[in-house]
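# Observations on the three-dimensional arrangement
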Amino acid sequence: MILPAGAIGELARQAEVMRAIGSPFVAEVLAAGERHLAQAPRTAAMLAEWPGDPAAAAVAMRFNAALHALARRDTPATLGALYRGEHHDVDAAVRGALTKHDSFIAAWMRDPPQTNEVGRAAAILAALMVVRARDGLPVELLELGSSAGLNLNLAHYDYDLGGLCVGDARSAVRIVPEWRGAPPPDRQVAVVAAQGVDLHPLAPDDPATCERLMAYVFADQPLRSARLAHALALARRHPPQVTRADAANWLETRLAEAQPAARGRIVFHSMMLQYVAPDERERIVGAIRAAGARADATRPLSWISFEWTAARTAVELRLTCWPGGDTHVLATCHPYGAWIEWKGERAR
């Protein structure tokens, strides 16, 4: 891949981001990938010819996960040894993987990322606690881009949110983000129904699914890996309901269904909208707003969004509630939920 003088490739750019968010090993892998990309002509061509915004498509994260998947298979052995900490020659290990496994890496990168990060459930739950404080109702959840549906099981997890302990204290899935600011409202959320949608839903009982999800966890974050493994095991006991469909069609159908009285309906998504085409995004937003216009005090609707800002400078937790349609930026967050800077209900 030939770049203009002074330009920085996407892998090198994302390496800087990884250093900033506290994943130095991933940063080194991505930087080495940039340096040795010529060893993998198919992968290099894919990056050079990527349609649209490579940052929005998370191509560097796809690349990183492909290498992590190879390392988990100990293929090549020098890469596996690097990830196990048996040596520190990042350049040699990454160069060898690019040389020998170009086809695998390029094929892996064709599919969208599948992180299904359960650490984000803390932010979603905090927003649900705000909703509960507003209307006091049990809720039904509708998730867009559910992947394996792990965040549909958020009521089965154990949380510490700024010293406020909520959720299921018996759960092996414990989520304790670094909390900045006041805690959220002390309310117990009652989830009476939860379903989601994904174009390519993943099955928690499928070994290939588990391998793919584990590969997307950064190799220098073992606590995330352990938490994901626990969440997958829990999902095998409590299978999430995830439909294979496009988000707009599915959401329009779900929102057209009768909503029981004295029950809140919640639409939520995390790091999903960046992968949706503009026309489908407009349909999703339009469907939510149309349903919001029909909401009343006995059948309220809320929309929780955990997404990058348009400039991709911050991840914001946003809450819009109907009736009324008021929007609040409840928090800014680490992309994977490692920290949450809570603002509370401040108007947009």
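Structural data are supplied above this passage.
Residue positions are counted from 1 within each chain, in the order its sequence is given. In view of the model being predicted, local features appear only for residues whose pLDDT reaches at least 70, and side-chain atom pairs are presented and counted only at 80 or more, with totals across whole chains, interfaces and linings using the full set of residues. With hydrogens and water excluded, all non-hydrogen atoms of the structure serve as input to the side-chain values.

### A few points about the pattern of salt bridges
Let me state the cut-off plainly: Any Lys or Arg side-chain nitrogen located within 4 Å of an Asp or Glu carboxyl oxygen qualifies as a salt bridge. Where helices and strands are cited, they refer to DSSP runs of H or I of at least four residues and of E of at least two residues respectively, numbered from the N terminus. Classification of residues uses two cut-offs on accessible area relative to the type maximum, computed with a 1.4 Å probe and protein chains only: under 20% is buried, over 50% is exposed, and between them is partly exposed.
All told, the structure shown has 18 salt bridges when counted by the stated rule. Among the ionic pairs, Glu 140 bridges to Arg 263, the shortest N-O distance being 3.0 Å. Of this pair, Glu 140 sits in strand β1 (residues 139–144) while Arg 263 sits in the loop between α11 (247–256) and β8 (264–270), and the two are 123 residues apart along the sequence. A residue is classified by how much of its surface remains accessible, and Glu 140, at 8% relative accessible area, is buried.

### Let's talk about the pairing of β8
Stated precisely, the cut-off is as follows: Two strands pair under a simple rule: DSSP has to find at least two bridges between them. Here a crossover is taken to be right-handed if, once the strands point away from the viewer, the path from the first strand over the helix to the second is traced clockwise.
Of all the seven residues making up β8, seven are buried; the element is thus mostly covered by neighbouring parts of the structure. Burial along β8 is two-sided: the face carrying Gly 264, Ile 266, Phe 268 and Ser 270 and the face carrying Arg 265, Val 267 and His 269 are both buried. With five bridges connecting them, β1 and β8 associate as parallel partners. Each residue of the ladder has a partner; that of Glu 140, found in β8, is Arg 265. In the sheet, β8 pairs with strand β9 (residues 301–308) via six bridges, with the strands oriented parallel. Residue pairing for β9: Ile 266 is matched across the bridge by Ser 302. In terms of handedness, the path from β8 via helix α12 (residues 278–294) over to β9 forms a crossover that is right-handed.

### So, the packing of helix α2 (residues 24–35) against helix α6 (residues 90–100)
Convention followed: Fitted lines through C-alpha atoms give the axes, limited to the stretch in contact for helices. The angle between two N-to-C directions lies from 0 to 180 degrees. Under this scheme an angle from 65 to 115 degrees is roughly perpendicular, one under 35 degrees roughly parallel, and one over 145 degrees roughly antiparallel; angles in between are oblique. When the near helix sits turned anticlockwise from the far one by under a right angle, the crossing is termed left-handed; a clockwise turn instead gives a right-handed crossing. Here, residues are in contact when the closest pair of their heavy atoms is within 4.5 Å. In this classification, the charged set is Asp, Glu, Lys and Arg, the nonpolar set is Ala, Val, Leu, Ile, Met, Phe, Trp, Tyr, Cys and Pro, and all remaining amino acids, among them Gly, are polar.
With their axes 9 Å apart at the nearest point, α2 and α6 run at an angle of 60° to one another. Taken as axis vectors, α2 and α6 run oblique relative to one another. The chirality of how α2 crosses α6 is right-handed. Residues Glu 28, Val 29, Ala 32, Gly 33 and Arg 35 of α2 form the contact with α6, whose participating residues are Val 90, Asp 91, Val 94 and Leu 98. Along the lines of polarity and charge, the residues of the contact of α2 with α6 split into five nonpolar, one polar and three charged.

### Details of the sheet that holds strand β3 (residues 164–167)
Spatially, β3-β2-β4 is the arrangement adopted by the three strands of the open sheet, whose pairing is mixed. Strands with a single pairing partner mark the edges of an open sheet, and in this sheet they are β3 and β4 (174–175). As paired strands, strand β2 (residues 158–161) and β4 are joined by two bridges and run parallel to one another. Its bridge partner lying in β4, Tyr 159 is registered against Ile 175. Each of β2, β3 and β4 is contacted by helix α8 (residues 121–135), which is oriented at about 75° to β2, the strand it contacts most.

### A short note on unusual backbone geometry
Backbone torsion omega between Thr 75 and Pro 76 reads -10°, so that peptide bond is classified as cis. Note that Pro 76 resides in the loop between α4 (59–72) and α5 (77–83). In this structure, Pro 323 follows Trp 322 across a cis peptide bond, with omega equal to 10°. In this fold, Pro 323 is placed in the loop between β10 (315–322) and β11 (326–333). For Ser 147, which is not a glycine, the phi torsion comes out positive at approximately 60°. Assignment of secondary structure puts Ser 147 in the loop between β1 and β2.

### Description of the packing of aromatic side chains
Condition: Here a Phe, Tyr or Trp ring, Trp counted by its six-membered ring, pairs with any other such ring whose centre lies within 6.5 Å, and the pair is stacked when the planes are under 30 degrees apart, edge-to-face when over 60, and tilted otherwise. For a lysine, the NZ atom is tested; for an arginine, the CZ atom; a charge sits over a ring if that atom is within 6 Å of the ring centre and within 35 degrees of the ring normal.
Tallied over the entire structure, the rule returns five aromatic pairs. Aromatic pair Phe 218 and Tyr 336: ring centres 5.1 Å apart, planes at 80°, arrangement edge-to-face. With Phe 218 in the loop between α9 (207–215) and α10 (222–237) and Tyr 336 in the loop between β11 and β12 (339–342), this pair connects stretches of sequence that are 118 residues apart. Here Phe 218 matches Tyr 336 in class, with each residue buried. An aromatic cluster is built from Phe 104, Trp 108 and Tyr 216, whose rings are joined through pairwise contacts. Geometry around Tyr 336 places Arg 224 over its ring, the cationic atom sitting 4.3 Å from the centre.

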